[in-house]
Amino acid sequence: MSSLRIINIEKQYQQTQRKSDPAFSLQPVGLTINEGEFFSLLGPSGCGKTTLLKLVAGLLQADNGEIWVGDANITAVPPEDRRFAMVFQQSLLFPHMTVEDNVAFGLKMQKVGKKQRLADAREMLEHVGLKGFGLRFPDELSGGQQQRVALARALVANPQVLLMDEPFSALDPSLREEMRELLSRIQKQFRVTVLFVTHDREEAFQLSDRIGVMSEGTLLQVGKARDLYERPESRKVASFLGLKNSVEGIVAAGRFISADRSFDFPVEETIERGPCHLILRPEVVQLKILKEDPLEDSIQLSGVIQQLRFNYGFYTGTIQVGIYLLDCSFTSQQAEGLVVGQEIDVLVNKKDLWFVA
Amino acid sequence: MTKTRPFLKSILFTLLFILIGLPFIPLILSSVSFGWQWPNILPESFSFRAWEYVLLGSSGTWQAVSVSLLIAFIVTAVNILLAVPAANALVRYPLRGKWLLEAMLFAPIVIPPFVAVMGIHLTFLRLGLTETVFGVVLAHLSPTLPYMVRAVMISYNTLSIDWEDQARMLGAGSLSRFRHVVLPHLLPGIAAGASLSILISLSQYLITFIIGSGQVVTLPILLFPFISGGDPAIASAYSLLFAGIAILTLIGMDAALKKYYQNKKAGAENG
């Protein structure tokens, strides 16, 4: 098994000349990525995910820490000898070479014979759906096609790890969708280990086996997409995953009480006492049907509808409860009976409540 | 609008012709004249005496042409070897006092060559480098190198480090990266710098004269005495020859570069 292990990798950047921007540092990161796994680093721009990727690639020198592939320590191995491949945001195809020569470049560097490497290049071009494009020059291709060539070029030499730095962010949305599907299919087909960097959570959720959420140079949480979404460990992770419904309050004497006292309900004993935030996912907030009694395992909230927006087949409503604005999802059917300004009751199942510090 | 365009074009073309083409006409006439004096508009009699002297006589013209070209090409080759790493360092590495280094590199363009050459001459006398082609080559570097460095720097400025990183990730060592990624990108800049370097080296008079002390005979050395009061017919013939060689060299370089790119393209299409 050749898993990729990142052991306490650390990088400190010197203070830049402008005093206003603080020196950036990547806090020690420890991470193991299994063979054949698709792992994404998700975080806002400037959070250090590209730095981490370049450290893994060897393009940056780490201050501390080690990188292992299987049972080989490759920390001191220069990037050209690591047998990693990388796809950047720009396709970076060499403009003076044909598509075929571009794809074959990695094999050429490995001293593979011309016939063999061109044959391999053509085969790989077929895999990315560019059969017959081999003799063109990069500037004769569209942006999406160029990125496909870049992907083919990265994969042709059978890399141990494929590193990708926001490879689709320069493409338009429909093309991006197509490229994700292509990447997903090819990754499964070749069983290649992928370390993928993105700021697009939809992209990360769609592609990844596991995701690491980063912020300000720190790896906050690692997990499967669903675990991250349903059980974020901190408010930062929650807000980055789009969970905006956060209610500040305190757990004491078996009850959660919000700062403005509009939330007040009993909670289970297992929940740690002290100040905390209640995270409510939009889809767990259910509209209460009239005359129905609140169920034992649910809590009831009352609020005023502030806004209703149509959103890809369902409605997003903003409800004001106390001083808090909660986003919740309604089906079109439910939304038909609602108007802005109306007072409504909503229910939340207790098992869907999630508290973070 | 569309009608004024060709009109404007023809005016510009005429102007260009007057500025560049017209001076050549009296030059040509003068080179084949025999005693052309004021107030005659055209020479009274024609003769190929001057051309015979320049091309066939024992004037040493061809010897001078080959020495000129030899010096120009060696100077350019050395310039390329010096300028590529220099430009790389100046563009890529954050150096303290980089402006000072750049100012020193570009000083020969601003400061009259005569100033520098006097000092160089003294040093070369001590080193025994005067009166040698090698010494002249060294002396020619100072006015030509800045242009080469400038041109290559501009090429480096447009070459993002990402390209090399990408090549690295594909397994290319430093030599392969330079050969397959950096050099193809620099080539247009190098070609531009080389053209300038050849032209400037070819047209050096003062530096060649002082350092070569009359022993290293290039075309401008032969040409100068005839211009400064000798025989205007021969001076004209030499000037034309000089212009011809300069133009031929440039055209030759341009053709070589074009051929290089065509071969690339053709090779790719056939292979």
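A quick note: this is a predicted structure, and the numbers were derived from the prediction, not measured.

Cut-offs used in this document
- Residues numbered from 1 in each chain as written.
- Chains lettered and ligands numbered in written order.
- Predicted model: local features only at pLDDT ≥ 70, side-chain atom pairs only at ≥ 80, totals over all residues.
- Helix = DSSP H or I, 4+ residues; strand = E, 2+ residues; numbered from the N terminus.
- Rg over C-alpha atoms; globule rule 2.2 N^0.38 Å.
- Buried ≥ 20, exposed ≤ 12 C-beta atoms within 10 Å, placed from the backbone.
- Contact = placed C-beta atoms within 7 Å.
- Pairing = 2+ DSSP bridges.
- Axes fitted to C-alpha atoms, helices over the stretch in contact; angles between N-to-C directions.
- Right-handed = clockwise from strand over helix to strand, strands pointing away.
- Nonpolar A, V, L, I, M, F, W, Y, C, P; charged D, E, K, R; others polar.
- Domains from an automatic or database assignment.
- pLDDT = per-residue confidence, 0-100.
- Parallel < 35°, antiparallel > 145°, perpendicular 65-115°, else oblique.
- Left-handed = near helix turned anticlockwise from the far one by under 90°.

1. Quick notes on the overall build of chain B
In step 1: When its secondary structure is counted, chain B shows 12 helices and 0 strands.
In step 2: A globule of 271 residues ought to have a C-alpha radius of gyration of about 18 Å, yet chain B, at 23 Å, is considerably larger.
In step 3: Its C-alpha atoms give chain B principal-axis dimensions of about 75 × 65 × 40 Å.
In step 4: Burial statistics for chain B: of 271 residues in total, 27% are counted as buried.

2. Overview of the overall build of chain A
In step 1: From N to C terminus, chain A includes 9 helices and 20 strands.
In step 2: Once the C-alpha set of chain A is aligned to its principal axes, its extents read approximately 75 × 45 × 45 Å.
In step 3: Across the 357 residues that make up chain A, the buried fraction comes to 38%.
In step 4: Sequence separation of 24 or more characterises 65% of the internal contacts of chain A that already satisfy a separation of 6 or more.

3. Some details on the sheet that holds strand β14 (residues 274–279) of chain A
Residue and element names in this part refer to chain A.
In step 1: One open sheet accounts for 5 strands, arranged β13-β12-β11-β14-β20; its pairing is antiparallel. Of all the strands in the sheet, the pair left with one neighbour each is β13 (264–266) and β20 (354–356). Between one strand axis and the next, the sheet turns by 35 degrees as a mean value, whatever way the strands run.
In step 2: Relative to strand β12 (residues 255–258), strand β11 (residues 246–252) is paired through 4 bridges, and the arrangement is antiparallel. Residue alanine 252 lies in a different strand from β12, and its bridge partner there is arginine 255.

4. Description of the pairing of strand β7 (residues 161–165) of chain A
Both faces of the sheet carry side chains from a regular strand, because those side chains alternate between them.
Residues and elements named next belong to chain A.
In step 1: Taken across its 5 residues, β7 has 5 buried, putting it largely inside the fold.
In step 2: Because side chains alternate across β7, one face comprises the buried residues Val161, Leu163 and Asp165, and the other comprises Leu162 and Met164, equally buried.
In step 3: Summarising the sheet, strand β6 (residues 84–87) and β7 pair through 4 bridges and their orientation is parallel. Counted as the bridge partner of valine 87 is methionine 164 from β7.
In step 4: Both β7 and strand β8 (residues 193–198) contribute to a ladder of 5 bridges, which runs parallel. Bridged to methionine 164 within β8 is phenylalanine 196.
In step 5: Once you follow β7 into helix α5 (residues 173–190) and on to β8, the crossover reads as right-handed.

5. So, the interface of chain A and chain B
In step 1: With 21 residues of chain A at the interface, the matching set in chain B holds 16 residues.
In step 2: Contributions of two or more residues to the side of chain A that touches chain B are made by β6 and α2 (99–109) of chain A.
In step 3: Sorting elements by how many residues they give to the side of chain A that touches chain B places α2(A) first, with 4 residues.
In step 4: Its residues assigned to classes, the side of chain A that touches chain B shows 13 nonpolar, 5 polar and 3 charged.

6. Some words on the sheet that holds strand β15 (residues 285–287) of chain A
Residues and elements named next belong to chain A.
In step 1: Pairing in this open sheet of 5 strands is antiparallel, and the strands run β15-β19-β16-β17-β18 from one edge to the other. Sheet topology places β15 and β18 (324–331) at the edges, where each strand pairs with a single neighbour. Strand-to-strand twist in this sheet, taken as the mean axis angle between neighbours without regard to direction, amounts to 50 degrees.
In step 2: Pairing between strand β16 (residues 298–311) and strand β17 (residues 314–321): 7 bridges, direction antiparallel.

7. Some details on the domain arrangement of chain A
Residues and elements named next belong to chain A.
In step 1: Segmentation of chain A into domains returns domain 1 (4–235) and domain 2 (244–356).
In step 2: The gap between the C-alpha centroids of domain 1 and domain 2 is 39 Å.
In step 3: At the interface, 5 residues of domain 1 touch 5 residues of domain 2.
In step 4: Partitioning the side of domain 1 that touches domain 2 into residue classes produces 1 nonpolar, 1 polar and 3 charged.

8. Concerning the environment of Phe7(B)
Residues and elements named next belong to chain B.
In step 1: Along the chain, phenylalanine 7 falls in helix α1 (residues 4–21).
In step 2: Judged by the 9 C-beta atoms lying within 10 Å of it, phenylalanine 7 falls in the exposed class.
In step 3: A sequence separation of 136 residues divides phenylalanine 7 from proline 143, and the C-alpha atoms of the two residues are 41 Å apart.

9. Describing the confidence of the model for chain A
In step 1: Mean pLDDT over chain A: 87, with 96% of residues reaching 70 or higher.
In step 2: When pLDDT is averaged over each element of chain A, β8(A) comes out on top at 94 and helix α9 (residues 332–336) of chain A at the bottom at 80.

10. Brief notes about the packing of helix α7 (residues 133–157) of chain B against helix α9 (residues 174–202) of chain B
Residue and element names in this part refer to chain B.
In step 1: Interaxial distance between α7 and α9 falls to 8 Å at its minimum, and their mutual angle equals 160 degrees. The orientation of α7 relative to α9 falls into the category roughly antiparallel. Of the two possible hands of crossing, α7 and α9 adopt the one that is right-handed. Taken together, the residues of α9 that come into contact with α7 (itself represented by His140, Pro143, Thr144, Tyr147, Met148, Ala151, Val152, Ile154 and Ser155) are His185, Leu186, Pro188, Gly189, Ile190, Ala192, Gly193, Leu196, Ser197, Ile200 and Ser201.
In step 2: Of the residues that constitute the contact of α7 with α9, the class distribution is 12 nonpolar, 8 polar and no charged.

11. A few points about α2(A)
Residues and elements named next belong to chain A.
In step 1: Counting buried positions along α2 yields 11 of 11 residues, so the element is predominantly enclosed.
In step 2: When we look at burial in α2, the residues that qualify are Val99, Glu100, Asp101, Asn102, Val103, Ala104, Phe105, Gly106, Leu107, Lys108 and Met109.
In step 3: Positive backbone phi, approximately 65 degrees, marks lysine 111, located one or two places after α2.

12. Considering the pairing of β12(A)
All names here are of chain A.
In step 1: As consecutive antiparallel partners, β11 and β12 are separated by 2 residues, and within that stretch alanine 253 has a phi angle of approximately 50 degrees, a positive value.
In step 2: Where β12 and β13 come together, 3 bridges link them in antiparallel fashion. Bridge assignment links phenylalanine 256 to a residue of β13, and that residue is phenylalanine 265.
In step 3: Between the antiparallel neighbours β12 and β13 lie 5 residues, among them arginine 261 with a positive phi of about 65 degrees.

13. Let's talk about the confidence of the model for chain B
Predicted coordinates in regions of low pLDDT should not be interpreted in detail.
In step 1: Residues at a pLDDT of 70 or more form 96% of chain B, whose mean pLDDT is 87.
In step 2: For this predicted complex, the interface confidence comes out at an ipTM of 0.81, alongside a pTM of 0.80.

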